[in-house]
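Letter by letter, the chains look like this.
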Amino acid sequence: MIEEHKLDPSFGPVGATAGRIIFIAGILLSWFYLSAVVLIVLGAFAGFSNSSAIIDFDRRRVRFSNNLFGLIRTGKWIAIEPSMTLRARESKQSYRAFSQGNRPLDVPQDDFRVLLCGTGQKEIMTIGKWDNPVAAREACHRIATGLGLAEARLWL
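Residues numbered from 1 in each chain as written. Predicted model: local features only at pLDDT ≥ 70, side-chain atom pairs only at ≥ 80, totals over all residues. Heavy atoms only, no water.

Draft legend 1. Structural view of the overall build of the protein. The helix and strand tally for the protein stands at 3 helices and 9 strands. Listing the helices and strands of the protein from first to last along the sequence gives β-α-α-β-β-β-β-β-β-β-α-β. Relative to the compact-globule value of 15 Å for 156 residues, the protein shows a C-alpha radius of gyration of 19 Å, a clear excess of over 25%. In terms of its C-alpha atoms, the protein occupies a principal-axis envelope of roughly 60 × 35 × 25 Å. About 9,500 Å² of surface is accessible on the protein, with carbon and sulfur atoms providing 59% of the total. (Helix = DSSP H or I, 4+ residues; strand = E, 2+ residues; numbered from the N terminus. Rg over C-alpha atoms; globule rule 2.2 N^0.38 Å. Areas by Shrake-Rupley, 256 points an atom, 1.4 Å probe, with all protein chains shown as cover.)

This is the structure:
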């Protein structure tokens, strides 16, 4: 069984919104100008590119993937070893963009993430993100039992 978890937009929430607006503008302008295809390609790349984590329970492997244009997956599979553990912790990220008037726009994102850790509790990659700590704990337990891993002490 393969499970996929969408993580974050590649260019943040502001870049993704701007990319989608450029994509729509390119579609509308393509009726009048053939060169608007450039806007469509650039807008689709910025607006739809994201990152995700793919878990293959049958083959016991995981992959961190950057999805270019939202379709083309990149990344290598990581084989699960018995010494690896899973952890859940709170994540506080903030995206910042500046307007033409040089005013900052801060977009905070607080969520809970499940992380794959290697030997020495070193973080390897993010497996998924959830909005509340209860869902993150349940997912950490479910993924750990599905992959046959030990569940580390939660950082929540």
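Draft legend 2. Region of interest: the pattern of salt bridges. Considering all chains together, one arrives at 9 salt bridges under this definition. Linking arginine 113 and aspartate 8 is a salt bridge whose minimum nitrogen-to-oxygen distance equals 3.1 Å. With a gap of 105 residues between them, arginine 113 in strand 7 (residues 104-117) and aspartate 8 in strand 1 (residues 2-9) connect regions that are remote in the sequence. You'll find arginine 113 and aspartate 8 in the same group, each marked buried. Of the charged contacts, one joins lysine 129 and aspartate 111 as a salt bridge, the two residues approaching to 4.0 Å between their closest N and O atoms. Taken together, the residues lysine 129 in strand 8 (residues 123-130) and aspartate 111 in strand 7 connect sequence positions 18 residues apart. Residue lysine 129 is classed as partly exposed on the basis of its relative accessible area of 26%. (Salt bridge = Lys/Arg side-chain N within 4 Å of Asp/Glu carboxyl O. Buried < 20%, exposed > 50% of the residue type's maximum accessible area, 1.4 Å probe, protein only.)

Draft legend 3. Broad picture of the packing of aromatic side chains. Enumeration over the complete set of coordinates arrives at 3 aromatic pairs. Judged by centre distance (5.3 Å) and plane angle (85°), the rings of phenylalanine 23 and phenylalanine 48 are edge-to-face. Separated by 25 residues along the polypeptide, phenylalanine 23 in helix 1 (residues 12-29) and phenylalanine 48 in helix 2 (residues 37-48) bring together distant segments of the chain. Here phenylalanine 45 and phenylalanine 69 contribute two aromatic rings whose centre-to-centre distance is 5.4 Å and whose plane-to-plane angle is 65°, an arrangement assigned as edge-to-face. You can see phenylalanine 45 sitting in helix 2 and its partner phenylalanine 69 sitting in the loop between strand 3 (61-68) and strand 4 (72-74), a full 24 residues away along the chain. Geometry around tryptophan 77 places arginine 61 over its ring, the cationic atom sitting 4.0 Å from the centre. (Phe/Tyr/Trp six-rings, centres within 6.5 Å; stacked < 30°, edge-to-face > 60°. Lys NZ or Arg CZ within 6 Å of the ring centre and 35° of its normal.)

Draft legend 4. Spatial organisation of a nonpolar patch on the surface. A cluster of nonpolar side chains, Phe11, Leu34, Val37, Val41, Phe45, Leu68, Phe69, Leu71 and Ile72, forms an exposed patch at the surface whose accessible area comes to about 840 Å². Here the nonpolar patch gets 3 residues from one element, more than from any other, and that element is helix 2. Given the relative accessible area of 30%, phenylalanine 45 is considered partly exposed. (Patch = residues over 30% accessible without salt bridge, like charges linked within 9 Å, V, L, I, M, F, W, Y side chains within 5 Å.)

Draft legend 5. Here's a closer look at the environment of cysteine 140. Position of cysteine 140 relative to the elements: it lies in helix 3 (residues 133-147). With 52 residues separating them in the primary sequence, cysteine 140 and alanine 88 have C-alpha atoms 6.5 Å apart.

Draft legend 6. Seen up close, the nonpolar core. Val62, Leu86, Leu116, Ile127, Ile143 and Leu147 are the most contacted members of the largest nonpolar core, which has 22 residues in total. Among the elements of the structure, strand 2 (50-56), strand 6 (85-98), strand 7, strand 8 and helix 3 are those that each provide at least two residues to this core. No other element matches helix 3, which puts 6 residues into this core. Excluding residues that lie within four positions of it along the chain, valine 62 makes contacts with Ile54, Ile55, Lys76, Trp77, Ile78, Ile80, Leu116, Met125, Ile127 and Leu147. (Core = buried A, V, L, I, M, F, W, Y, C linked by side-chain atoms within 4.5 Å. Contact = heavy atoms within 4.5 Å.)

Draft legend 7. Seen up close, the pairing of strand 7. Looking at chain direction, strand 6 and strand 7 are connected through 14 bridges and run antiparallel. Pairing of alanine 88 across the sheet is with valine 114, part of strand 7. Counting the residues in the hairpin turn of strand 6 and strand 7 gives 5 residues, including asparagine 102, whose phi is positive at 60°. Pairing of strand 7 with strand 8, which is carried by 6 bridges, proceeds in the antiparallel orientation. (Pairing = 2+ DSSP bridges.)

Draft legend 8. Local environment of helix 2. For helix 2, with 12 residues, the first-to-last C-alpha span of 16 Å sits near the 16 Å given by 1.5 Å per residue. Gly43, Ala44, Ala46 and Gly47 are the residues of helix 2 that are buried. (Expected span 1.5 Å × (residues − 1).)

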